[in-house]
Amino acid sequence: MDNSFNASYTEYWEQRVNQLSDGTKIADSDIADLFLPLLKIQPHEIVLDMGCSYGRFFPLLFKYTKHIIGIDIEANAIQKAADYPYTQLETSALEKMGFANESIDKAFCWATFDCTEQEQVLIETNRILKKEGLFLVTGKNINYAIKDDVAFIAERNAKLKSFPNHFTDIKKLYDLANDFGFKIEHGFAFSLRGDFGLAKAIPINDKNLNEPFYEYLLVLRKIEENKDFSEPICDLFSSTAREKAHSEGFEDVITFFKTHQDKYGI
Ligand SMILES: C[S@@+](CC[C@H](N)C(=O)[O-])C[C@H]1O[C@@H](n2cnc3c(N)ncnc32)[C@H](O)[C@@H]1O
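From a predicted model like this one, the values you see are computed outputs, not experimental measurements.

**Q** Please explain the overall build of the protein chain as it appears in this structure.
**A** If you tally the helices and strands in the protein chain, you get nine helices and ten strands. A globule of 266 residues ought to have a C-alpha radius of gyration of about 18 Å, and the protein chain, at 18 Å, matches this closely. Each of the three principal axes of the protein chain carries a C-alpha extent, and together these read 55 × 40 × 35 Å. Out of the 266 residues in the protein chain, the part that is buried amounts to 52%. Looking at the protein chain alone, contacts between residues at least 24 apart form 74% of all its contacts between residues at least 6 apart. A total of about 12500 Å² of accessible surface is found on the protein chain, and carbon and sulfur atoms cover 51% of it. A distance of 3 Å separates the average location of the 30 positive side-chain charges in the protein chain from that of its 42 negative side-chain charges.

**Q** Just checking my understanding: could you explain the nonpolar core for this structure?
**A** The nonpolar side chains of a soluble globular protein tend to be buried with one another. Residues Leu48, Met50, Met97, Leu122, Phe135, Phe180 and Leu218 are the most contacted members of the largest nonpolar core, which totals 34 residues. Contributing elements (two or more residues each) for this core: strand 1 (46–50), strand 2 (67–72), strand 4 (104–109), helix 5 (118–128), strand 5 (129–141), helix 7 (170–176), strand 7 (182–190) and strand 9 (215–222). In terms of residues, this core owes the most to one element, helix 5, which gives four residues. If we skip the residues at most four places from it in the chain, Leu48 touches Ile69, Ile71, Met97, Phe99, Ile104, Lys106, Ala107, Phe108 and Ile128. Ranked by size, the runner-up nonpolar core spans 27 residues in total, among them Ala27, Tyr86, Phe190 and Val219.

**Q** Just checking my understanding: could you explain the packing of aromatic side chains for this structure?
**A** Aromatic ring pairs are described here by two measures, namely the spacing of the ring centres and the angle between the planes. Counted under the stated rule, the structure contains 23 aromatic pairs. Judged by centre distance (5.3 Å) and plane angle (70°), the ring pair of Phe5 and Phe163 falls under edge-to-face. Here Phe163 lies in the loop between helix 6 (149–160) and strand 6 (167–168) and Phe5 lies in the segment before helix 1 (7–16), a separation of 158 residues in the sequence. Per residue, the accessibility class of Phe5 equals that of Phe163, and both read buried. Note on Tyr9 and Tyr12: the rings are 5.6 Å apart at their centroids and 55° apart in plane angle, and the pair reads as tilted. Of this pair, Tyr9 and Tyr12 both sit in helix 1, three residues apart, roughly one helical turn. Judged by relative accessible area, Tyr12 falls into the partly exposed class, the value being 42%. By way of ring pairs, the aromatic residues Phe35, Phe57, Phe108, Trp110, Phe188, Phe190 and Phe196 are connected into one cluster. Directly above the ring of Phe62 sits Lys66, whose terminal nitrogen or CZ lies 4.3 Å from the centroid. Of note, Lys159 hangs over the ring of Phe237, and the distance from its end group to the ring centre comes to 4.9 Å.

Here is what the cut-offs are and how they apply
- Residues numbered from 1 in each chain as written.
- Predicted model: local features only at pLDDT ≥ 70, side-chain atom pairs only at ≥ 80, totals over all residues.
- Heavy atoms only, no water.
- Helix = DSSP H or I, 4+ residues; strand = E, 2+ residues; numbered from the N terminus.
- Rg over C-alpha atoms; globule rule 2.2 N^0.38 Å.
- Buried < 20%, exposed > 50% of the residue type's maximum accessible area, 1.4 Å probe, protein only.
- Contact = heavy atoms within 4.5 Å.
- Areas by Shrake-Rupley, 256 points an atom, 1.4 Å probe, with all protein chains shown as cover.
- Lys, Arg positive; Asp, Glu negative; His and termini not counted.
- Charge placed at Lys NZ, Arg CZ, Asp CG, Glu CD.
- Core = buried A, V, L, I, M, F, W, Y, C linked by side-chain atoms within 4.5 Å.
- Phe/Tyr/Trp six-rings, centres within 6.5 Å; stacked < 30°, edge-to-face > 60°.
- Lys NZ or Arg CZ within 6 Å of the ring centre and 35° of its normal.

Encoded structure:
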């Protein structure tokens, strides 16, 4: 278990979602509400709030169904989430959840996938979703714009604090989704850090899939069971940071980050 997630992290997150930091606003319930209709939640359906933290999205999800299960690795967050009438709350990693096969109708994973071992989470989510179940997931793309200094500083600072940060190779995910047992129904890109919080969404298509962008939101449909398929689809560094390091003559990205922080601060 990663120990980056503890009571102080949850406290930090509760404050961060209500403040601008580095000039960017975290995508909130109003933004989520723009995309939630894509999950087509019916009032009888069970929704899994994956990485629910203190329950930020409970009131929104509750508008669609009263059957909401919350799961988070951080025990204090789950204690706070218990202020809401979740049907069930579990303290657990998303990589190995205690739910039965095909027991969940819809899965919602907001601002959490990048903290996890993504291949494992795809396999687990496929296992617990009912056939044809939908999975809404947001994350960070491995290839963001070289000019996106705010994204770069955020990556550098997170890494130097040893915060778990996984960048999805979105092109690979599109190529391999079927092998993981999913079909990608909808994909949206957010070009620069901060664009997600402003709902500046660009639909992903074959042409712009290879273009740089910072964040994404996908809706995946379970089409079949995953038969132990697992190929890497993410990396601990963005390709943007790797390229920057390389172009400045550094072989090791962490050394580059430290040198960059010593030189430029923030
Ligand atoms: C950035 S917060 C987002 C919380 C919530 N989804 C929201 O948007 O308000 C990330 C959450 O993921 C949880 N988390 C991190 N790694 C996890 C893992 N492997 N399994 C389950 N939860 C995890 C953290 O405890 C934290 O609550």
